[in-house]
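Below, each chain spelled out in residue letters.
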Amino acid sequence: MKLTKFAHACVRVEKDGKVLLVDPGSFSEDAAFEKADAILVTHEHQDHLDIDRVAALDAPVYTNAGVAAQLTALGDRVHVVEGGQSFETAGFSVSAYGKDHAVILPEWGVPCENIGFLIDDAVYHPGDSFTQPDRAVHTNLVPISGPWFCLPPAVDYARAVKAEQLVGIHNALLSPIGLNMFSRFLNSDERPYLGLAPGESVEIN
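Residues numbered from 1 in each chain as written. Predicted model: local features only at pLDDT ≥ 70, side-chain atom pairs only at ≥ 80, totals over all residues. Heavy atoms only, no water.

Engineer: Residues and numbers for the sheet that holds strand 9 (residues 116–119), please.
Structural biologist: Strands sit in the order 7-8-9-10-11-12-13 across an open sheet of seven strands; the sheet is mixed. Two strands bound the open sheet, and with one partner strand each, they are strand 7 (86–89) and strand 13 (193–194). Where strand 8 (residues 92–97) lies against strand 9, four bridges are found, and the strand directions are antiparallel. The residue bridging Tyr 97 from the neighbouring strand is Gly 116, located in strand 9. (Pairing = 2+ DSSP bridges. Helix = DSSP H or I, 4+ residues; strand = E, 2+ residues; numbered from the N terminus.)

Engineer: Give me the side chain of Thr 42: which residues, what numbers.
Structural biologist: Checked against the element boundaries, Thr 42 lands in the loop between strand 4 (38–40) and helix 1 (51–55). Its relative accessible area of 0% is what places Thr 42 among the buried residues. A polar contact of 2.7 Å, which involves the side chain of Thr 42, links it to the side chain of Asp 23. Of note is the side chain of Thr 42, whose polar atom sits 2.9 Å from the side chain of His 43. In this structure Thr 42 touches Asp 23, His 48, Asn 64, Glu 113, Asn 114, Ile 115, Phe 117, His 125 and Gly 127, once residues within four positions along its chain are discounted. (Buried < 20%, exposed > 50% of the residue type's maximum accessible area, 1.4 Å probe, protein only. Polar contact = N/O pair within 3.5 Å; in protein donor to acceptor, adjacent residues only side chain to side chain. Contact = heavy atoms within 4.5 Å.)

Engineer: Describe in detail the pattern of salt bridges, supporting the description with residues and values.
Structural biologist: What the rule picks out here adds up to six salt bridges. Among the ionic pairs, Asp 37 bridges to Lys 35, the shortest N-O distance being 3.8 Å. Among the ionic pairs, Asp 50 bridges to Arg 53, the shortest N-O distance being 3.0 Å. With a relative accessible area of 17%, Asp 50 lands in the buried category. Linked by salt bridges that have partners in common, Asp 30, Asp 50 and Arg 53 make up one network. (Salt bridge = Lys/Arg side-chain N within 4 Å of Asp/Glu carboxyl O.)

Engineer: Got a sec to walk through the layout of surface pockets? Specific residues and values, please.
Structural biologist: Here the largest pocket is characterised by a volume of approximately 180 Å³. Lining the largest pocket are Ile 144, Asn 171, Leu 179, Asn 180, Ser 183, Tyr 193, Gly 195, Leu 196, Ala 197 and Pro 198. Counting residues per element, the lining of the largest pocket draws most heavily on helix 4 (residues 176–186), which supplies three residues. A breakdown of the residues in the lining of the largest pocket according to their chemical character gives six nonpolar, four polar and no charged. (1 Å grid on protein atoms, 1.4 Å probe; cavity = no way out; pocket = protein on both sides within 12 Å on 5 of 7 lines; lining within 4 Å. Points joined across faces, edges and corners; volume = space filled by probe spheres on them. Nonpolar A, V, L, I, M, F, W, Y, C, P; charged D, E, K, R; others polar.)

Engineer: Describe the sheet that holds strand 2 (residues 11–15), naming the residues involved and giving the relevant values.
Structural biologist: Strands sit in the order 6-5-4-3-2-1-14 across an open sheet of seven strands; the sheet is mixed. The open sheet has two edge strands, strand 6 (78–80) and strand 14 (201–203), and neither has a second partner. Between one strand axis and the next, the sheet turns by 20 degrees as a mean value, whatever way the strands run. Across four bridges, the pairing between strand 1 (residues 2–5) and strand 2 is antiparallel. (Axes fitted to C-alpha atoms, helices over the stretch in contact; angles between N-to-C directions.)

Engineer: An account of the environment of Phe 92 is needed here, citing residue identities and associated values.
Structural biologist: Tracing the sequence through the fold places Phe 92 in strand 8. Each C-alpha atom of the pair Phe 92 and Ile 119 lies 6.7 Å from the other, and the pair is 27 residues apart in sequence. Look past the residues within four positions of Phe 92 in its chain and what remains in contact with it is Met 1, Val 13, Glu 14, Lys 15, Lys 18, Val 19, Leu 20, Phe 87, Ile 119 and Asp 120.

Engineer: Quick one: what's the story with the pairing of strand 7, residue by residue and with numbers?
Structural biologist: Judged by which residues are buried, strand 7 turns out to be one-sided: Phe 87 and Thr 89 face inward and are buried, whereas Ser 86 and Glu 88, on the alternate face, are not. Across four bridges, the pairing between strand 7 and strand 8 is antiparallel. Bridge pairing in strand 8 places Thr 89 opposite Phe 92. If you look at the hairpin formed by strand 7 and strand 8, you'll find two residues sitting between the two strands, and Ala 90 has a positive phi there, around 55 degrees.

None of this, on its own, says anything about what the molecule does.
Listed below in structure tokens is the structure:
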């Protein structure tokens, strides 16, 4: 497989000529939308879901009930999944984890539903949460900024999930200085950290 990072939290996973698009949001480049055989959306916030551009793609969408309620115009293209469920799409096996978005402010409570996705037991995307998968993965995607972000839980999450490598995501709010500093916090001999720029790819063995 090949994983290509796009702006913020959007990634494309490619295998055998098929493309799985994850969290294509308002910050995502047009190139992210060039092809998709299936789409995964972790939650309803616009930085993870660009409704108009997703609607323009002829691909099934797998997401939670909150997102599905915003995509009723897509009809039976939308499939509701919950944490604990697994499914097959476009030649990929996918398992869903968790339920809640990370808390932004205590007085706001839980902002919305959020599910993480494990793709082919290899790539894990947590959305806006630090929900952990129940198994080791090859590539763990680690959020590194955002209104809800806090460094110590991010480091704990990165250390707790057994992975061969880490890739930073959810980083559109960071300056080049901020982007570069995360290697200091997350890189290790056991789990090297990759700060991929938008459009850069990495092979998933």
